[in-house]
Number of protein chains: 4
Amino acid sequence: MARYPTNGLTLAEANGIIAAALAKGRELDLLPLTVVVLDAGGQVKAIQREDGASLLRPEVALGKAYGALALGLGGRELARRAQSMQGFMNALSDLAGGRAVPVPGGVLACGADGVIRGAVGISGDVSAQDEVCAVAGIEAAGLVAETGDAA
Amino acid sequence: MARYPTNGLTLAEANGIIAAALAKGRELDLLPLTVVVLDAGGQVKAIQREDGASLLRPEVALGKAYGALALGLGGRELARRAQSMQGFMNALSDLAGGRAVPVPGGVLACGADGVIRGAVGISGDVSAQDEVCAVAGIEAAGLVAETGDAA
Amino acid sequence: MARYPTNGLTLAEANGIIAAALAKGRELDLLPLTVVVLDAGGQVKAIQREDGASLLRPEVALGKAYGALALGLGGRELARRAQSMQGFMNALSDLAGGRAVPVPGGVLACGADGVIRGAVGISGDVSAQDEVCAVAGIEAAGLVAETGDAA
Amino acid sequence: MARYPTNGLTLAEANGIIAAALAKGRELDLLPLTVVVLDAGGQVKAIQREDGASLLRPEVALGKAYGALALGLGGRELARRAQSMQGFMNALSDLAGGRAVPVPGGVLACGADGVIRGAVGISGDVSAQDEVCAVAGIEAAGLVAETGDAA
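The structure displayed is predicted, hence computed values, not measured ones.

Looking at the interface of chain A and chain B
Listed as interface residues are 24 residues of chain A and, on the opposing side, 24 residues of chain B. Here chain A and chain B share an interface that buries about 2,000 Å² over both sides, 52% of which is from carbon and sulfur atoms. The largest share of the area that chain A buries against chain B comes from Y4, R49 and D51 of chain A, three residues that together contribute 29% of it. A salt bridge links D39 of chain B to R49 of chain A; the nearest nitrogen and oxygen atoms lie 3.7 Å apart. Inspection of the chain A/chain B interface yields eleven residue pairs in polar contact (both at pLDDT 80 or more). At the level of elements, α1 (11-27) and β2 (44-49) of chain A are the ones that each hand at least two residues to the side of chain A that touches chain B. For the side of chain A that touches chain B, the element with the highest residue contribution is β2 of chain A, accounting for six residues. When its residues are assigned to classes, the side of chain A that touches chain B shows twelve nonpolar, seven polar and five charged.

Concerning helix α4 (residues 86-95) of chain C
Burial in α4 of chain C covers these residues: G87, F88, M89, A91, L92 and L95 of chain C. One or two residues past the end of α4 of chain C sits G97 of chain C, with phi positive at roughly 60 degrees.

Brief notes about the state of the cysteines
Going through the model one piece at a time under the given rule, you end up with zero disulfides over all chains. In this structure C133 of chain B is not part of a disulfide, and its nearest cysteine sulfur, from C110 of chain B, lies 19 Å away.

Structural notes on the interface of chain C and chain D
At the interface, 24 residues of chain C touch 24 residues of chain D. On the chain C side of the contact with chain D, Y4, R49 and D51 of chain C bury the most area, a combined 29% of that side's loss. Along the contact surface separating chain C from chain D lie four salt bridges. Run the count over chain C and chain D and you get eleven residue pairs in polar contact (both at pLDDT 80 or more).

What to know about the side chain of R49 of chain B
Among the structural elements, R49 of chain B can be located in strand β2 (residues 44-49). Here the side chain of R49 of chain B touches V44 of chain A through a polar contact of 2.9 Å, landing on its backbone oxygen. For R49 of chain B, the side chain forms a polar contact with the main-chain oxygen of S54 of chain B, separated by 3.3 Å. In contact with R49 of chain B, not counting residues within four places along its chain, are L11, D39, Q43, V44 and K45 of chain A together with L33, T34, S54, L55 and P58 of chain B.

Quick look at the relation of the copies chain A and chain B
Superposition of chain A onto chain B requires a rotation of 180 degrees combined with a translation of 0.1 Å along the rotation axis, giving an RMSD of 0.1 Å. Such values leave the two copies arranged in the relation of a two-fold axis. For chain A, the residue whose C-alpha comes nearest the rotation axis is I47 of chain A, separated from it by 2.4 Å. Here 100% of the interface residues in chain A have copies in chain B that are interface residues too; the copies meet face to matching face.

Some remarks on the pairing of strand β2 (residues 44-49) of chain D
Judged by how many residues are buried, β2 of chain D sits mostly within the fold: six of six residues are covered. Bridge count for strand β2 (residues 44-49) of chain C against β2 of chain D is three bridges, and the pairing is antiparallel. Bridging from a neighbouring strand, A46 of chain C pairs with Q48 of chain D of β2 of chain D. In terms of strand pairing, strand β1 (residues 34-39) of chain D meets β2 of chain D through five bridges, oriented antiparallel. The residue of β2 of chain D that forms the bridge with V36 of chain D is I47 of chain D. What sits between β1 of chain D and β2 of chain D in their antiparallel hairpin is a turn of four residues, with G42 of chain D showing a positive phi close to 80 degrees.

What about the environment of L11 of chain D?
Mapping L11 of chain D onto the fold places it in helix α1 (residues 11-27). Classification of L11 of chain D as buried rests on a relative accessible area of 8%.

Overview of the pattern of salt bridges
Any two side chains of opposite charge can pair, given that their charged atoms come close. On inspection of all chains with the given rule, the structure shows 36 salt bridges over all chains. Here R81 of chain B ties to E77 of chain B by a salt bridge, and the two come within 2.9 Å at their closest N and O atoms. Taken together, the residues span about one helical turn, with R81 of chain B and E77 of chain B both in helix α3 (residues 75-84) at a distance of four residues. With a closest N to O distance of 2.9 Å, E131 of chain C and R76 of chain C form a salt bridge.

Rules behind the numbers
Residues numbered from 1 in each chain as written. Chains lettered and ligands numbered in written order. Predicted model: local features only at pLDDT ≥ 70, side-chain atom pairs only at ≥ 80, totals over all residues. Heavy atoms only, no water. Contact = heavy atoms within 4.5 Å. Buried area = accessible area lost by both parts, 1.4 Å probe. Salt bridge = Lys/Arg side-chain N within 4 Å of Asp/Glu carboxyl O. Polar contact = N/O pair within 3.5 Å; in protein donor to acceptor, adjacent residues only side chain to side chain. Helix = DSSP H or I, 4+ residues; strand = E, 2+ residues; numbered from the N terminus. Nonpolar A, V, L, I, M, F, W, Y, C, P; charged D, E, K, R; others polar. Buried < 20%, exposed > 50% of the residue type's maximum accessible area, 1.4 Å probe, protein only. Disulfide = S-S within 2.5 Å. Least-squares fit on C-alpha atoms with pLDDT ≥ 70 in both. Pairing = 2+ DSSP bridges.

What follows is the structure, given as C-alpha cells:
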C-alpha cells in the first residue's frame, strides 16, 4: 500500500513542542492555553487544550499557525500587514475560511537550515504571552522560531 | 475574570486515552492512526496524528467523535441508521458541516454512572480496528465505552 | 527568510505529467480534458484545462486528486466505497468541502519505494478514459500509478 | 455533443503567459511565484506553482485575477478602492468567497481592441514585483496588460 511521507515535524516532535509550551504557560501562570502544531503542509499533527479554555480557542490557535504557513510569515508580520493592508488581510481571511488570524502567537518552526518544518499556534492569554510559549516550545525541540519580528 | 467549567474529560484524561489508543494500534500493527478526543460539549480536548497518516484523517476522526455526541449514539448505531434512514443521515451530515461520520470508530466515553464525559474518534485503519483502539483508550482511562453495539 | 520544503512532486515533474496526460488524450481523441496535479500535502502544483472543457472541470479534477490523497486510496477504491459505504462517502464529501470525488480518474503518484509523491486528477471524458490519461502521465514521469484497482 | 466555446484566452496562450511570467521572476531573482491564468469568464485555464511557494499562494493568485475580472479593474485600482470604499470591498470579498484580493498583481489581459480576454494573478513576492511578472507574461503573449494604474 502507498505510504505518506512525513512533511516536516514528526508527531514526537509536535508532542514535545506542546509539552514545553504548556510548561512555560504554567511557569508564567497564564490563562488556560490551547496549542496547535501543524506540519509544513498545514496538516494537524497535534492539538492540546488546557482545562478551562474558552470555546473557540482551538480554531483561533489553528488560524494563527495556518496563517503563518499561508504566507510564510510569522504572526507579528501578519499583524503589521493587517494594519497597513487591511483589504488584503480581510480577503486573506475569507480565502482561508478564517484560518488566517493575524496576531502574534502564530510562529514558524524552522530547521537550522532555514527550511520550514511546521508552525505552532497558541491562543488563551494575551497574544504576546501566547507567542512566548510558542517560542519556548519550538526552541525546546531544537528548532528555530520565526515570529515575524522585524528586529 | 470569568472561568470556564470543565465539561467532562480533563486534558490529562484525554492525553491518557490517546496514549493508550495509539499503543493498542502499534500492538496490532495497524496503519497510522489519528485520534481525536472531544469533551461532553463537543469541543476539542486533544488530537494526535501518527506519522504517515493520510490527509483528511483528523477531519474524519473528529467527525466520528462529533457524530457520536451529536445524537448521543456510538458510531455503530449511526452506521445502521445511515442505511435505514439515509435521508436523515445525509441531512445530519449537512447540518454538522460534515462532522457526523456514521461509521464505527466514534465511541462515547461515559462515567460509571452512564453520564457522557466526552467522545473519541479514530481514523486510519478499517473502521472495526479503529474502534478497537478507541475502546482500549477509553477503558485505560477507567471510563465506559459506548460503541453503539446493539448487543 | 524561512524557506518551504518541496513535499513530493516538483513543478517540473508536474508539468511533465500534464504534458504526457494531455498527449494521451489527443492520441485517443478524447473530449477536452482538465488535469490537476497536487503534491503529497494536497497543495496545487499545476493545472491545465484544454479549450472547450465544460465549466466545473477544474473543481471535479481537483476533487478526484484530493479525494485520493484524503484517504490514501485511488479513485477506483473510493468508487467502490461510495457504493458499499454510502453514508460515509457522503460525509467525506461534506468534510472535504466537496473535494472528495469518488470516481476513477483520481490516481496517486508514488515513488518506486511506495511513498506517495502527489496525486493526479483528470476530468473531461468518461472516468475510465480520464484514468488512462492520468496513468500515462504518471508513468511518463517515471512514477508508479496507484488507481485503486483491486487486481 | 454540445461544445463549449473558447471564451478569450486559449490554453496555449495561458501556458505562454505563465512561462514568460516565471522567466521574468527568475531573471529578477524573486521569491517562488504562483501564476494563475483565467479566461474571460473567470474559469481557470492554467496554474503553476514554483517549488518552495507558501501554502495559500494559489488561492491568493486566483483571488487577484478573479477580483480584476469581477469588476473589470486591475488590482491597483481595487487596492485604491479598498482604501476609499472599505465597506464595499469587504462585501465584495465576502460575495466572491474571498476571490477578490485587492492588491497589485491581478492584471487584465486584453486584445488590441480593448476586449478582455482573461486575467493573470501572481503571488509570491511583494505585490509590485508580482505585477511586473504578470505584465511581462501578458505582453509576451502579444496582449495588452491593464494593471489598474491611474496614469
